[in-house]
Amino acid sequence: MDKKDLILIEKLEKEHSLLLSEYEYLIENLTDDAIALLAEKAVSARKKVYKNHVYIRGLIEISNICKNDCYYCGIRRSNTACNRYRLTPDEILSCCRAGYELGFRTFVLQGGEDKYFSDDVVCDIVLKIKENHPDCAVTLSLGERSKESYQRLYDAGADRYLLRHETADDKHYGFLHPDEMSFKNRIACLKNLKEIGYQVGCGFMVGSPGQKAEHLAKDLKFIEEFKPDMCGIGPFVPHHATKFADEKTGSAKLTCALLSIIRLISPNILLPSTTALGTILADGRERGILAGANVVMPNLSPESVRKKYELYNNKISEGPEAAEQKDELVKRMKEIGYEVITDRGDIKKVVQKNVHTTQGKEKA
Ligand code: 5AD
């Protein structure tokens, strides 16, 4: 293995941090040996916090109506061929009931930026989910909203919020999004969510059009500094009705290496092995877990709408990707040595022992 790779991987394992230029070097020099070593160290870091436990989330895709026009996304507003739907609050609540029976204790309500889901409507849904299932966590993933709106949803009982930053480079953000969207606002939203007290998830696509190693290095630095509780990364997969239709699919190998690096940056982070990874590789979900991920999010939407939430070509929603096939997922995880856990699966805040020692000394 490249000697510098080895030094950087060991530094990352010990210090949970690299210089921007070091992240970039590592990404540009990822040999198979380096990837294997990263995975080994990532798995051991994760085991210390989460043992061999894998957490599950029931993903409910509540609407594919979106006011945004992100160039990469299949449900962008200008895709007139998209067959639009919106779940009613009652449908969402019955998804949660079905999910609860199946053993899910976190419900993720994800959707496009659909005006129908006003604060009043979402608050009412969150309150009812919490009333029906007080032992469950509610995660929202409904895009950019005002701080006041995030606060209202939090006060109604939402525990977590997922908002991928998509890329930590301002110019690259501009390449992937129309002018009316801004990197600045995206980051402001993430900061607001954190200030309010949510467990916050950011994330990005691997191999998105125009992405270079320097952009990924910035993504990693951003994760290191922002310290999200969760981070969703998956390969970019082209969607036929977008301007990126003919772009290359992101690499599963690089996605896995980045999962390992993120695990080493943040040993206690909740890191999903994403649907996009499962879409481009038959055993993608397992590969993600073996690289350091510890969350899977099967689809709990009504079966009639699953195919319509088409963010990218051939997005999977069957087999272990379907919530009702949870047994199959449990079996697959068992086969690779992992145990699926039925609880809310909150982030485990690790108390750093040396911090206490220092404080003790200062007091003494
Ligand atoms: N390929 C991969 N991921 C995509 N997303 C949207 N479009 C694509 C695509 N073509 C991801 C974005 C978004 C999340 C909901 O799905 O990162 O934040």
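Provided above is the structure to which this section pertains.
Quick caveat: nothing in here was measured; it's all calculated off a predicted structure.

Cut-offs and rules
Numbers given for residues are sequential positions, taken from 1 along each chain in its written order. Reporting in this predicted model follows two pLDDT cut-offs: at least 70 for local features of residues, and 80 or more for side-chain atom pairs to be given and counted; totals over whole chains, interfaces and linings ignore these cut-offs and use all residues. With hydrogens and water set aside, each side-chain value is computed from the structure's full complement of heavy atoms. Two strands qualify as a pair provided DSSP detects at least 2 bridges between them. Under the DSSP-based scheme used, a helix requires at least four consecutive residues in state H or I and a strand at least two consecutive residues in state E, with every element numbered from the N terminus. Consider each residue's heavy atoms; a residue with any of them within 4 Å of a molecule or strand counts as near. Polar contact criterion, stated in full: a pair of N or O atoms within 3.5 Å, where within protein one must be able to donate a hydrogen and the other to accept it, and residues adjacent in sequence count only if both atoms are side-chain atoms. What sets the accessible areas is the Shrake-Rupley method with a 1.4 Å probe; for residues, cover comes only from the shown protein chains. Any Lys or Arg side-chain nitrogen located within 4 Å of an Asp or Glu carboxyl oxygen qualifies as a salt bridge. For every residue, the accessible area (1.4 Å probe, protein chains only) is compared with the maximum for its type, and the residue is labelled buried under 20%, exposed over 50%, or partly exposed between those bounds. Under this scheme, a helix contributes an axis fitted over its contacting stretch, all axes are lines through C-alpha atoms, and angles between N-to-C directions fall in the 0 to 180 degree range. Any helix carries an expected span of 1.5 Å times its number of residues minus one. The directions from the helix axis to the C-beta atoms form the arc being described. Between two residues, a contact is recorded if the distance between any of their heavy atoms is within 4.5 Å.

What holds strands together in a sheet is hydrogen bonding between their backbones, with the strands either parallel or antiparallel. The strand order across the open sheet built from three strands is 8-1-9, with neighbouring strands paired in parallel fashion. Strand pairing shows two members of the sheet lacking a second neighbour, strand 8 (295-296) and strand 9 (339-341), which therefore form its edges.

A word on the site of the ligand. For the ligand, the full set of nearby residues is Y72, C73, R164, E166, M205, P235, F236, V237, L311 and Y312. R164 places a side-chain nitrogen or oxygen 2.9 Å from an oxygen atom of the ligand. Between the ligand and the protein, one listed contact pairs an oxygen atom with a side-chain N or O atom of E166 at 2.5 Å. Summarising the interface, the protein chains cover 88% of the accessible area of the ligand, which totals 400 Å² for the free molecule.

All right, on to the pattern of salt bridges then. Evaluation of the coordinates by the stated rule reveals 29 salt bridges. The residue D120 makes a salt bridge to R152 at a minimum N-O spacing of 2.7 Å. Here R152 lies in helix 6 (residues 147-155) and D120 lies in helix 5 (residues 119-132), a separation of 32 residues in the sequence. Since its relative accessible area comes to 53%, D120 is described here as exposed. For R152, a relative accessible area of 39% puts it in the partly exposed group. Between R186 and E144 there is a salt bridge, and its shortest N-O distance comes to 2.8 Å. Separated by 42 residues along the polypeptide, R186 in helix 8 (residues 183-196) and E144 in the loop between strand 4 (137-141) and helix 6 bring together distant segments of the chain. Classification of R186 as buried rests on a relative accessible area of 6%. Using a relative accessible area of 17% as the deciding quantity, one classes E144 as buried.

The parallel open sheet is built from six strands, whose spatial order is 2-3-4-5-6-7. Unpaired on one side and paired on the other, strand 2 (58-63) and strand 7 (230-235) mark the two borders of the sheet. Taking the axes of each pair of neighbouring strands and ignoring which way they run, one obtains an average angle of 20° across the sheet. Inspection of the sheet shows strand 4 paired to strand 5 (residues 160-162) by two bridges, in the parallel sense.

Before going further, it helps to spend a moment on helix 1 (residues 3-15). If you check helix 1, its first and last C-alpha atoms are 18 Å apart, about what 13 residues at 1.5 Å a residue would give, namely 18 Å. Looking only at helix 1, the buried set comprises D5, L8, I9 and L12. Relative to the axis of helix 1, the buried residues are bounded by an arc of 100° and lie together on one face. In helix 1, the exposed positions angled more than 90 degrees off the buried face are occupied by K3 and K14. Of the surrounding secondary structure, the elements contacted by the buried residues of helix 1 are helix 2 (20-28), helix 3 (32-50) and helix 10 (252-265). Of the residues flanking the start of helix 1, the one acting as N-cap is D2, its side-chain oxygen 2.8 Å from the backbone nitrogen of K4.

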